[in-house]
Amino acid sequence: MMSSIKEIEQLVQQVETYHPEPDVEMLRRAYAFSAKAHEGQMRQSGEPYLQHPLAVASILSFLKLDVSAIVAGLLHDTVEDTLATNSEVEAEFGKDVARLVDGVTKIGQIPFKSREEKQAENFRKMVLSMADDIRVVFIKLADRLHNMETLEHLSESKQKQIAQETLEIYAPLANRLGISSIKQKLEDLCLQYLKPDIYSMLKLRVAKRDEDRQEFLQVLIDMAKEALVQAHLPGDVQGRPKNLYSIYQKMERQSITFDEVYDLTAVRIVSDSKMNCYAILGLIHSLWPPVPGRFKDYVATPRANLYQSLHTTVVGPQGEYVEFQIRTEEMHRINEYGVASHWRYKEPGAITGRDEKIFSWLRQFVEWHKDLSDNRQFMDSVKLDLFHDVVFVFTPLGEVREMPVGSTPVDFAYAIHTEIGDHCVGAKVNSKLVPLRHHLSSGDMLEILTSPTQVPSRGWLKFVRTSRAKAKIRHWFKGEEQKRALDIGRRLLEREFRRNDLPSAQTFQSDLLVAIAKEHGCEAVEDFIRLVGYGRLSASQIMNKLQPPTNQVEAEDVLIAEPKTAKILTKHLEELVMVKGGTDVLMQLSKCCNPVPGDSIMGYITRGRGLSIHTIGCPNLQALDWDHNRLVEADWDDSIEGTHSVKVSVLSIDRTGVLADISSAISDCQANITRADISTREDGKAVLDFVIEITNTLHLERMLKGIEQVSGIVNAKRVRGW
């Protein structure tokens, strides 16, 4: 009891530091009334219940509120949790205090259908009370802050329930009122209970980085102070760490890791006037180059909650990004304490002057009250207005899910479960079918339709909003690519084993193959087989290590014959290729290099398939070049006109109309497209593969240059071996 008496005297002293003539006797009477009403009551922590109203009153004094508000803080739970009545409060402390206490008193006596309905009705009453007297919300925020600070004494389920409600309602409310000091404390406490692992990680890593950066930051602050002195500009320079929740938000919003968050600490400069703030901004920019697009003038255009400051990010002395915030003392006071920082109680609770624009939305809520009799609708309206960055959607069972603005049914499906996301085939929003790229809105009732045969689409990556959905989709495709590579690699090796009369099953399990896999850095044979499937190793290369080649040609069977003049028998090569030598021989163009008129070519005599025509630079031809007796000189007949198919691959920025523009460029070069395949890479670029009929290499080069002139094209190139 003695400690509580000491605390009330400390509270009185705190109020006397900012209030000219406080009614300290009313404060002491309120303390005595609360102590008597709560006598014998204990909190979950085991401490006397009186500690809670004392803590609430202390937070209100930190916000420098008037005596009536602090007295209401001391009494805020008496009507709800004790035998005291509101009439007793009014008789003892007056109508002003009684109205404030009633405004924060919960509705405990009315039976509700659900916890959500009770929460909505309580909040409705608080909002409507706020419209009459804004001090109600200051008391409620102080009450919630102390409850969050002592939340560890409740069960885990209760902790998460209260923390979620705080994050959805009270932290955004503190932000809307400009009380950043309370907003940041509430957000960090919510993160601690909703995502304890992330909270612990961020707390440790921020502390470690602050320790590592302390010397750098101090050098920066000293340089800024020295520059201010030389420029004769007044200013207090300090470092300001970001709260953990804002760091977490940035990581989620930008899908980045902690190591990619560079602006963990800002340098704050507080000066005496707006003019000097702008002068200091120019001085900072003369010391370090500003980062383009990272300057914001909240002095000329304050935020809706009256926040004012100049923000600029510069490239510091070690090449690191550093944010500077420049403001006056008045701005700093308002930014920390919001509306409470300049509230005047000549007329208790009156809303005047610059505060008017903050509370215009309260009058809107009062108007909505006339039309929205349903508590859930009212609550949704409040959340939507307070929390612009998220939407609240409902499952078919009525559970609320918080999603970032711009989220789609696919984001929602992955938020529920990975399997639901992977097999999502459609969605119903408010019982109506919508496209998967449909943007969700607060209040939507969402049902996900699934099919066991449905799999993720790469196109989903273009419109999903959440990092979880993006990561799950990419993970699925990575797994599928590995399966496909394993299957392709196994089939390629099996075919090579059969050609060399090796038993496939035994060879895949052989110690020799395991040893070869380890030579290539693969611990498992399956990883080695995938390299073949990905095209990083060829089956013939592995075969050469399993069974070293004898003095024979492995890539093609050959027919030893005297070089002769050959007459073209293949229809498509008729009259196109001239070869040196004798009699008629069957001839075909090699598919490994797909020569076209204009390429330098050479013939190679094979067994059973006649003459194979390669480009002179073809790797396969060079590999076969061990016996010059099997090579035949060949050339194109320039006097013969005709067309030839060639494959072209185009890399482009993925934009609307790019296919039409490329097709037009090809058509302008008098070339004909016979096939087109389009795919999108993970980096957002499009790959367009075409099979095109051209006359010769000059025609091909002209067409490639024409394609590269199209807007957004990265490159266009010929593909051999298709």
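What you are looking at is a predicted structure, and each value in this text was computed from that prediction instead of being measured. (Residues numbered from 1 in each chain as written. Predicted model: local features only at pLDDT ≥ 70, side-chain atom pairs only at ≥ 80, totals over all residues. Heavy atoms only, no water.)

**Regarding the overall build of the protein chain**
Keep this limit in mind: Numbering goes from the N terminus for both helices and strands, where a helix is a DSSP run of H or I of at least four residues and a strand is a run of E of at least two. For each residue, the accessible area found with a 1.4 Å probe, counting protein chains only, is set against the maximum for its type, and the residue is called buried under 20%, exposed over 50%, and partly exposed in between. The criterion used for residue contact is that any of the two residues' heavy atoms lie within 4.5 Å. Note on areas: Shrake-Rupley with a 1.4 Å probe; residue coverage comes only from the protein chains shown.
The helix and strand tally for the protein chain stands at 27 helices and 19 strands. Within the protein chain, the proportion of its 722 residues that are buried is 46%. Restricting the contact set of the protein chain to residue pairs at least 6 apart, pairs at least 24 apart contribute 64%. By element, 50% of the accessible surface of the protein chain is carried by carbon and sulfur atoms, the whole surface being about 36,800 Å².

**Side note on the sheet that holds strand β16 (residues 644–653)**
For clarity, the threshold we go by: Pairing between two strands is assigned when DSSP locates at least 2 bridges connecting them. Lines fitted to the C-alpha atoms define the axes, with helices restricted to the stretch that makes contact. Angles between their N-to-C directions range from 0 to 180 degrees.
Here we have four strands laid out as an open sheet, ordered β17-β18-β16-β19, and antiparallel in their pairing. Taken across any chain shown, the strands that pair with only one partner, and hence form the sheet edges, are β17 (672–680) and β19 (713–719). Strand-to-strand twist of the sheet, defined as the mean angle between neighbouring strand axes without regard to direction, takes the value 20°. Where β17 lies against strand β18 (residues 685–694), eight bridges are found, and the strand directions are antiparallel.

**Let's talk about the pattern of salt bridges**
Keep this limit in mind: Criterion for a salt bridge: a side-chain nitrogen of Lys or Arg within 4 Å of a carboxyl oxygen of Asp or Glu.
One pass over the full model with this rule turns up 16 salt bridges. E92 serves as the salt-bridge partner of R29, at 3.2 Å between the closest nitrogen and oxygen. A residue pair is termed long-range when its members are at least 10 positions apart, and R29 in helix α2 (residues 24–37) and E92 in helix α6 (residues 86–93) qualify at 63 residues. Residue classification places R29 among the partly exposed residues on the basis of a relative accessible area of 35%. Residue classification places E92 among the partly exposed positions, given a relative accessible area of 40%. A single network of salt bridges, built from pairs that share partners, joins D66, D96, R99 and R135.

**A short note on the side chain of R268**
Note that R268 resides in strand β2 (residues 265–271). Judged by its relative accessible area of 13%, R268 falls in the buried class. Those residues in contact with R268 that sit more than four places away from it in its chain are D236, V237, Q238, R240, Q325, R327, H332 and E336.

**Some details on the environment of F93**
For F93, the location among the structural elements is in helix α6. For F93, a relative accessible area of 8% corresponds to the buried category. The residues contacting F93, other than those within four sequence positions of it, are M26, R29, A30, F33, V71 and L75.

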